[in-house]
There are 4 protein chains.
Amino acid sequence: MPRYSDLEHSPFSLPAGEFNAITDVSGVKVGHFTLYEGDGVWMPGRGPFRTGVTVILPHDENMYEDKVPAAAHTINGFGKVAGFEQLRELGQLETPIALTGTLNVPRVADALMTLSIEQNPYIGIGFDESGRRGYASVNPVVGETSDGFLSDIQARPIGEDEVRAAIGDASSGVVEEGVVGAGTGTSCFGWKGGIGTASRVLPDKFGGFTVGALVQSNFGRPQELTISGVPIGRHLIPPGNTPIPIPGSIMIIIATDAPLESRQLGRLCRRAAFGLARTGSTCLGGSGDFVIAFSTAYRMKDRPSDILSVLPILVDEQPVIGALSLAVIESVEEAIYNSMLMARTVTGRDGNTRHKLPVKEVRKLIIRFGSES
Amino acid sequence: MPRYSDLEHSPFSLPAGEFNAITDVSGVKVGHFTLYEGDGVWMPGRGPFRTGVTVILPHDENMYEDKVPAAAHTINGFGKVAGFEQLRELGQLETPIALTGTLNVPRVADALMTLSIEQNPYIGIGFDESGRRGYASVNPVVGETSDGFLSDIQARPIGEDEVRAAIGDASSGVVEEGVVGAGTGTSCFGWKGGIGTASRVLPDKFGGFTVGALVQSNFGRPQELTISGVPIGRHLIPPGNTPIPIPGSIMIIIATDAPLESRQLGRLCRRAAFGLARTGSTCLGGSGDFVIAFSTAYRMKDRPSDILSVLPILVDEQPVIGALSLAVIESVEEAIYNSMLMARTVTGRDGNTRHKLPVKEVRKLIIRFGSES
Amino acid sequence: MPRYSDLEHSPFSLPAGEFNAITDVSGVKVGHFTLYEGDGVWMPGRGPFRTGVTVILPHDENMYEDKVPAAAHTINGFGKVAGFEQLRELGQLETPIALTGTLNVPRVADALMTLSIEQNPYIGIGFDESGRRGYASVNPVVGETSDGFLSDIQARPIGEDEVRAAIGDASSGVVEEGVVGAGTGTSCFGWKGGIGTASRVLPDKFGGFTVGALVQSNFGRPQELTISGVPIGRHLIPPGNTPIPIPGSIMIIIATDAPLESRQLGRLCRRAAFGLARTGSTCLGGSGDFVIAFSTAYRMKDRPSDILSVLPILVDEQPVIGALSLAVIESVEEAIYNSMLMARTVTGRDGNTRHKLPVKEVRKLIIRFGSES
Amino acid sequence: MPRYSDLEHSPFSLPAGEFNAITDVSGVKVGHFTLYEGDGVWMPGRGPFRTGVTVILPHDENMYEDKVPAAAHTINGFGKVAGFEQLRELGQLETPIALTGTLNVPRVADALMTLSIEQNPYIGIGFDESGRRGYASVNPVVGETSDGFLSDIQARPIGEDEVRAAIGDASSGVVEEGVVGAGTGTSCFGWKGGIGTASRVLPDKFGGFTVGALVQSNFGRPQELTISGVPIGRHLIPPGNTPIPIPGSIMIIIATDAPLESRQLGRLCRRAAFGLARTGSTCLGGSGDFVIAFSTAYRMKDRPSDILSVLPILVDEQPVIGALSLAVIESVEEAIYNSMLMARTVTGRDGNTRHKLPVKEVRKLIIRFGSES
């Protein structure tokens, strides 16, 4: 299975990082747990299951002790994400980010709490030894899209064990894409969607920063699919009697090593929609389209010894912010393509099937219509 | 135990409804489940427990089928509420609102999902018989404040059974206040806090609408407590070696029968802080202060047969909106007082104690300093 | 000069209205005043001028007496728009919308005040005859993008006379596009930009509603221009030593006859970025990208005699909202193309020149690479 | 005329700075221009005038070259403030803040543009000598409340000369309060309102930072006035046939030398409502209640030579943010009292009169009912 960059078609302006993945941002790790069990008729609560959980770790130390600056943005809010209010107020992440199927969100959030409490046994209780200041509660951040077309979504089979497995699986370097983790049961433009990732590196004159995106793709009507400007969806339609898809959703995670404050990370979040739009999304009313961005450039201690922190922060000078914007847009666009190209056909609940986007035909259309050919 | 209105001190401008409770808004029900178990040394995961769950039902039919217009507002976002993104996007509630202890939120959200799926077996699956439109996923709305000072917060003992019990307990009329449900383990101004409620009725010339508030109070430093303008906290301090409280929080629920659209309910939400401020709150940095408002005046069908709905909506004429604002402010203020006055002393985890606010002394101070005396 | 629809290339999903213009929304009128004076070296305060003002009237009666529901959205907030706070709070427009050059905003806002006071002589003073309720102040809504590359922007030459002329010019039917009104001095992708408009009509099963967009285009780097997916900017670069453009901006106005409340109009606003992204915008950091949407389906009286208004409101059923979203996206995309195709080459201040996008070459590229050819 | 602190009543927790004024924040200056002309019957456009403009300078150098971090917050958005969108996007101020009467906002914004262009002649034009980056346009920030009860608000008599005079008048140290500048024609709780200011200094253990507030008070119904918890408005009503006041407004400006980023300044902004509520405000529907906060601790260069800026930033540790919150709340509360206590009776348009709050009676009531007496 080729990734988008293997199509020998390069419409992008900025070069990718080594792995063309969110893990090109130094320190970031990604892990998956995939639940692919059962076949045939849906038996509520017992499967079949095509679901999972994907975790993104800004670093692999104690996230609660060493929080990272972050921001969140809602493109269309028809979704059940957890943790956004505190993330916005404090501009920081204190757990890994987990992605899963829609109705799994509470159980995954609960699991992140369990794991954080294990590492930080005073959470929620109150006071450190000096009595000076306590451990507050912990704010798990979880995103979702619905995998109900292929999976027994009502069963909510992802909990503590599964989250623990995903975190145990986390690694830097190559990121598994397609039908894996939180992407196991999702659909994109009527085809099989899933997990995809990509990255961009800025020129040295703009600081040489890296930006990476990871998506859980689950949106779009077949006729809308556009790849690098080529309206694939007008020429290529998924086989079979595809039922009208549930209006879908996308989770977009952005990582960067640029030293940004939360407000600036929010600016990057708001660029993600521009990458999403390039793929043909029309942001349907029932779509839950959310973006979370974080920086690995500095950390925020849970119980700092000083009240001031001396940090290098990027100035909002337009060329660098502009270059970061472009990096976000291109990373998100390519990550979505990768989420489809790296997927495979999946048959799930009640025999419902999402087919793999046929790479050869896509390549042909791109060669025929793509202005880069 | 007297409620605030029993102090024979009436600083308010608007009259209360029959029960001076959120249930004065016709159709609204409130239910509690209280977990008050164990004593002595904290054994992580095993208690002691001073926690619970409180549910507010805009109506007691199928909330998913008959959603109600709603809005949410974050005063300070240091909290773990669930369901705010979709509530904001669609301006509606499709489950009861549940309040609980901070780390219980995911398990309570999960329980609301279970109950909603029971009532609506197609949730998350996709399509009704006609294939015209499916059941989307369900968005549970849960609020919280921390009861970690008195309770084993890490255990997260509130789940499906407890939520089911709270809903089973729901009734109109008198609302149990103080040490009950989600208020079992909370603190307010260093005293015992808990659940409180109050209501106001507008004059006929302003439509005669009713506004009710219900709070889960868990905020404030002892010296800040102010009741009807009298700085109680300068004269009355909780006994014993009160440890520095964890910066607290408050959940505020507003109900009304005024026919408001979501934008207007958002305006009411933003008035709640004015009632909160009257009690002496200084909205500390670690406070999770959230407001949810809903109207019972009309319903929004899950799968409407028409694309238009003909509704009477309040015009933003200033006198009526102003009167509703005042009703919100006074209801919230009095609900907070009730949450303390109706509480009793509670000793919990590790012998930690929150004392009941001494009513006699409060009354004396109000008589001495209150300008209404 | 052809409009986009004259290119005999139809990548869109929804049909346009009669004039393919914002004026296809019944009752909406558009007027321009164009200031095109002087040549040669910039003499601060004295020209040359390539600027103007464009007004969009939701109806041509007294807007202050008969307000319309509206919403505003900021894609990137590097801009000087007027009137957004009150528009958000009350969800309504009470003046025409005016667009102009950046530094003209205050003078145009002042002019809208003057005109509104003329029509409503009690504005800001207080009380009607009955004493029941007064006229509050008036909230002019003005958008802008910078025409400083071609025009003496510091001079701020657009004031009361010019706004009056634009309103006097307002008409339904065909809308003048390109180098006119607020588009006289703007640039788009390094070419001449300006005013553009387009519309879409929904199928009857989705209510048959009309959506129109009008843009003032002033953004983009040459290499980014994309038309219907064809990366024009990689093949066609503006002639001459184009100086690096000031990071640009866009104002997007959406009109519809669908009966939406302010929250729903806000949802439409947030779709506009998807149309913008299709043209190649990467939303640079210095961009002021703003959207205003209004509905003509009902009016909100300034001093209503009743406190309730019985209105048909669209339910947030997904297919209709989805169709409206698509209509917004396609209207915005095509309006931007029209703003460039209908422009002509303009030389302004200091001999600065923005060339007309060469239509023949664009058509050739679309035929060569467009998948619809 | 006594200030609040002269009443020998000290209900506050934190000490004031030297001048108990916003100018206690080092570098901050305040200037006024007062227009107090004409008497008798209103002649639209010709007076009488009871209006003016007040400017707050974060520093007295070139604000455009040396911007300061800032945030804005809307409590209730029924108002016509200028400059909020860009302030939110970039988190910075690049002009002085000006306050004036409602309909004067555009002319004052225009005047701030003129003055900024004088200092920075390339504004809006585009490029510095190196061609590296241009001067973008300038974003004037202006707040307002309505003085239409006493002044000919339709005339909009405050423009360039008046703003220039206010800036010329700006000084550190004692700030003139009451009937001056933007407070010349405003009303508060049916009495004469105006400009008021106060400050607080944090203990050394919380960094020793200073917080100052300045308000333009113009809100409230007579019966609601509360001073330090004493319901003055139930005992003391303005004489004469006070017409129902136009629902009023307040502008609140917060300055601090604490090194906060924009997100944190936003947190301080959101505490201002707690100070406002203490005075009895019920935030009526027609109220335009806005807050702007800035820090003087560091500056943001317009065209920085580096892309990174190394800054000490306050960590969001709760005790310090909590202390800053308290400082904001107390400063705002006392500033509002000062705006009334330092005012004098003013008769304006059509003989309309706002009486001075009688200090003796207020003191008596505070002694009688105040728990501190």
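Predicted model only: the values in this text are computed from it and were never measured.

Asks: So what exactly am I meant to see when it comes to the overall build of chain A here?
Replies: When helices and strands are counted, chain A shows six helices and 16 strands. The principal-axis extent of the C-alpha atoms belonging to chain A is close to 65 × 55 × 35 Å. A total of 373 residues make up chain A; the buried ones form 73% of that total. Of the contacts formed within chain A by residues at least 6 apart in sequence, a portion of 80% connects residues at least 24 apart. Total accessible area on chain A stands at roughly 10,500 Å², and carbon and sulfur atoms take up 50% of it. Looking at chain A, you have 33 positive and 41 negative side-chain charges, and the mean spots of the two groups are 6 Å apart.

Asks: I'm lost on the pattern of salt bridges in this one. Help?
Replies: Should the charged atoms of two oppositely charged side chains come close, the side chains can pair. Going through the model one piece at a time under the given rule, you end up with 100 salt bridges over all chains. With a closest N to O distance of 2.7 Å, Arg 3 of chain B and Glu 177 of chain B form a salt bridge. A residue pair is termed long-range when its members are at least 10 positions apart, and Arg 3 of chain B in the segment before strand 1 (29–37) and Glu 177 of chain B in the loop between helix 3 (160–169) and strand 7 (187–188) qualify at 174 residues. Of the two residues, Arg 3 of chain B and Glu 177 of chain B, both sit in the buried class. Here Arg 303 of chain C makes a salt bridge to Asp 302 of chain C, at a shortest N to O gap of 3.5 Å. On the basis of relative accessibility, which here comes to 23%, the residue Arg 303 of chain C falls in the partly exposed class. Residue class for Asp 302 of chain C comes out buried when judged on its relative accessible area of 5%. Three or more residues joined by partner-sharing salt bridges are found here, namely Glu 89 of chain A together with Glu 261, Arg 263, Arg 267, Arg 270 and Asp 316 of chain D.

Asks: Any chance you could explain the relation of the copies chain A and chain B here in plain terms?
Replies: The operation linking the two copies of the chain is a rotation about an axis combined with a translation along the axis. The operation relating chain A to chain B is a screw motion whose rotation component is 180°, with 0.0 Å of axial translation and a residual RMSD of 0.0 Å. On the angle and the small slide along the axis, the relation comes out as a two-fold axis. Judged by C-alpha distance, Pro 106 of chain A is the residue of chain A that lies nearest the rotation axis, at 2.2 Å. When the interface residues of chain A are mapped onto chain B, 100% of them again lie at the interface, so the same face is used by both copies.

Asks: Help me understand the interface of chain A and chain D in this model?
Replies: Accessible area lost on assembly of the parts is the figure often given for the size of an interface. Facing 32 residues of chain A, the contacting portion of chain D comprises 32 residues. Taken over both partners, the interface formed by chain A and chain D buries close to 2,600 Å², and the fraction arising from carbon and sulfur atoms is 57%. Run the count over chain A and chain D and you get four salt bridges. For Glu 89 of chain A, the salt bridge is made with Arg 270 of chain D, and the minimal N-O distance between the two is 3.3 Å. At the boundary of chain A with chain D, the tally comes to 13 residue pairs in polar contact (both at pLDDT 80 or more). Put simply, the parts of the chain that give the side of chain A that touches chain D at least two residues each are helix 1 (84–90), helix 4 (262–278), strand 14 (308–314) and helix 5 (318–341) of chain A. Counting residues per element, the side of chain A that touches chain D draws most heavily on strand 14 of chain A, at seven residues. For the side of chain A that touches chain D, the per-class residue count stands at 15 nonpolar, five polar and 12 charged.

Asks: Would you mind showing me how to read helix 4 (residues 262–278) of chain B here?
Replies: Residues spaced three or four apart along an α-helix face the same direction, because each turn holds 3.6 residues. All names here are of chain B. With 17 residues, helix 4 should reach 24 Å at 1.5 Å per residue; the first-to-last C-alpha distance of 26 Å fits that figure. Helix 4 sits mainly inside the fold: 16 of its 17 residues count as buried. Downstream of helix 4 by a residue or two, Gly 280 has a phi angle that is positive, lying close to 110°.

Asks: Would you take a moment to explain the pairing of strand 2 (residues 49–57) of chain D for this structure?
Replies: Looking down a regular strand, the side chains alternate between one sheet face and the other. Residue and element names in this part refer to chain D. With nine of its nine residues buried, strand 2 lies for the most part within the structure. Covered by surrounding structure in strand 2 are Phe 49, Thr 51, Val 53, Val 55 and Leu 57 together with Arg 50, Gly 52, Thr 54 and Ile 56, the residues of both alternating faces. Bridge count between strand 1 (residues 29–37) and strand 2: nine bridges; the pairing is antiparallel. The residue of strand 2 that forms the bridge with Gly 31 is Val 55. Judged from the four bridges that link them, strand 2 and strand 5 (residues 97–101) form a sheet pairing that is antiparallel.

Asks: Explain the sheet that holds strand 6 (residues 141–145) of chain A to me, please; I cannot follow it from the model alone.
Replies: What holds strands together in a sheet is hydrogen bonding between their backbones, with the strands either parallel or antiparallel. All names here are of chain A. If you trace the four strands from one edge of the open sheet to the other, you get 1-2-5-6, paired in mixed fashion. Sheet topology places strand 1 (29–37) and strand 6 at the edges, where each strand pairs with a single neighbour. Each strand axis lies, on average, 15° off the axis of its neighbour in the sheet, ignoring direction. In this sheet, strand 6 lies alongside strand 5 (residues 97–101) in parallel orientation, the contact comprising five bridges. The partner of Gly 101 across the bridge, within strand 6, is Thr 145.

Asks: Explanation requested: the interface of chain A and chain B in the structure shown.
Replies: At the junction of the two partners, chain A supplies 45 residues and chain B supplies 45 residues. Both sides of the chain A and chain B interface together cover about 3,900 Å² of buried area, and 59% of this is carbon and sulfur. Linking chain A to chain B there are six salt bridges. Two residues, Glu 85 of chain A and Arg 88 of chain B, come together in a salt bridge whose shortest N-O distance is 2.8 Å. Taken together, the links from chain A to chain B amount to 24 residue pairs in polar contact (both at pLDDT 80 or more). Mapped by element, the contributors of at least two residues to the side of chain A that touches chain B are strand 3 (66–77), helix 1 and helix 2 (105–119) of chain A. Ranked by the residues each element gives to the side of chain A that touches chain B, the list is headed by helix 2 of chain A, at seven residues. Looking at side-chain class alone, the side of chain A that touches chain B contains 22 nonpolar, 15 polar and eight charged residues.

Asks: Can you walk me through unusual backbone geometry in this structure?
Replies: Trans is the prevailing form of peptide bonds, just as negative phi is the prevailing case for residues other than glycine. Geometrically, the link from Gly 47 of chain A to Pro 48 of chain A is a cis peptide bond, its omega value of 0° lying close to zero. One can find Pro 48 of chain A in the loop between strand 1 and strand 2 (49–57). The phi angle at Asn 20 of chain A is positive, at roughly 50°, despite the residue not being glycine. Locating Asn 20 of chain A in the fold gives a position in the segment before strand 1. The buried category is assigned to Asn 20 of chain A, whose relative accessible area is 6%. Positive phi outside glycine occurs at Asp 350 of chain C, with the angle close to 55°. In this structure Asp 350 of chain C comes out as partly exposed when scored by relative accessible area, which is 38%.

Asks: Can you walk me through the sheet that holds strand 6 (residues 141–145) of chain C in this structure?
Replies: Residues and elements named next belong to chain C. Pairing is mixed in the open sheet, where four strands are placed in the order 1-2-5-6. The open sheet has two edge strands, strand 1 (29–37) and strand 6, and neither has a second partner. In this sheet, neighbouring strand axes are inclined to one another by 15° on average, regardless of whether the strands run parallel or antiparallel. Sitting on the sheet, helix 3 (residues 160–169) is in contact with strand 1 and strand 2 (49–57), with an inclination near 135° to strand 1.

Asks: Hey, could you run me through the packing of aromatic side chains in this one?
Replies: Any aromatic ring pair is given by two values, namely how distant the centres are and how the planes are angled relative to each other. Under the definition given, this model contains 16 aromatic pairs over all chains. Relative to Phe 290 of chain B, the ring of Phe 84 of chain B lies with its centre 5.7 Å away and its plane at 85°, an arrangement referred to as edge-to-face. Of this pair, Phe 84 of chain B sits in helix 1 (residues 84–90) while Phe 290 of chain B sits in strand 12 (residues 288–295), placing them 206 residues apart in sequence. Exposure class is identical for Phe 84 of chain B and Phe 290 of chain B. Each is buried. Of the aromatic side chains, those joined through ring pairs into one cluster are Tyr 4, Phe 12 and Tyr 337 of chain A. The cationic tip of Arg 354 of chain A hangs over the ring face of Phe 149 of chain A; the distance from NZ or CZ to the ring centre is 3.8 Å. The ring centre of Tyr 36 of chain B lies 4.1 Å from the NZ or CZ of Arg 50 of chain B, which sits over that ring.

Asks: Looking at this model, I keep getting lost on the confidence of the model for chain A. Mind explaining?
Replies: Regions with low pLDDT carry predicted coordinates that are not meant to be interpreted in detail. Residue and element names in this part refer to chain A. Looking at chain A, pLDDT values average 93 and 95% of them are 70 or higher. When the criterion is pLDDT under 50, residues 128–133 qualifies, and its contacts beyond four places in sequence or with other chains add up to 14 contacts. Overall fold confidence (pTM) sits at 0.97, and the ipTM for the predicted complex is 0.96.

Asks: Teacher, can you tell me more about helix 6 (residues 359–369) of chain C here?
Replies: Of the positions making up helix 6 of chain C, those classed as buried are Val 359, Val 362, Leu 365, Ile 366 and Phe 369 of chain C. The buried residues of helix 6 of chain C occupy an angular sector of 125° when projected down its axis, which confines them to one face. Among the exposed residues of helix 6 of chain C, those oriented more than 90 degrees off its buried face are Lys 360, Lys 364, Ile 367 and Arg 368 of chain C. Contact partners of the buried residues in helix 6 of chain C: helix 6 (359–369) of chain A together with helix 5 (318–341) of chain C.

Asks: I tried to follow the environment of Ser 5 of chain D on my own but got confused; where do I start?
Replies: All names here are of chain D. On the secondary structure map, Ser 5 appears in the segment before strand 1. Taking the C-alpha atoms as reference points, Ser 5 and Ala 16, 11 residues apart in sequence, are found 9.4 Å from one another. Beyond its immediate chain neighbours, meaning those up to four positions away, Ser 5 contacts Asn 20 and Glu 334.

The rules behind each value
- Residues numbered from 1 in each chain as written.
- Chains lettered and ligands numbered in written order.
- Predicted model: local features only at pLDDT ≥ 70, side-chain atom pairs only at ≥ 80, totals over all residues.
- Heavy atoms only, no water.
- Helix = DSSP H or I, 4+ residues; strand = E, 2+ residues; numbered from the N terminus.
- Buried < 20%, exposed > 50% of the residue type's maximum accessible area, 1.4 Å probe, protein only.
- Contact = heavy atoms within 4.5 Å.
- Areas by Shrake-Rupley, 256 points an atom, 1.4 Å probe, with all protein chains shown as cover.
- Lys, Arg positive; Asp, Glu negative; His and termini not counted.
- Charge placed at Lys NZ, Arg CZ, Asp CG, Glu CD.
- Salt bridge = Lys/Arg side-chain N within 4 Å of Asp/Glu carboxyl O.
- Least-squares fit on C-alpha atoms with pLDDT ≥ 70 in both.
- Buried area = accessible area lost by both parts, 1.4 Å probe.
- Polar contact = N/O pair within 3.5 Å; in protein donor to acceptor, adjacent residues only side chain to side chain.
- Nonpolar A, V, L, I, M, F, W, Y, C, P; charged D, E, K, R; others polar.
- Expected span 1.5 Å × (residues − 1).
- Pairing = 2+ DSSP bridges.
- Axes fitted to C-alpha atoms, helices over the stretch in contact; angles between N-to-C directions.
- Phe/Tyr/Trp six-rings, centres within 6.5 Å; stacked < 30°, edge-to-face > 60°.
- Lys NZ or Arg CZ within 6 Å of the ring centre and 35° of its normal.
- pLDDT = per-residue confidence, 0-100.
- Arc of directions from axis to C-beta.

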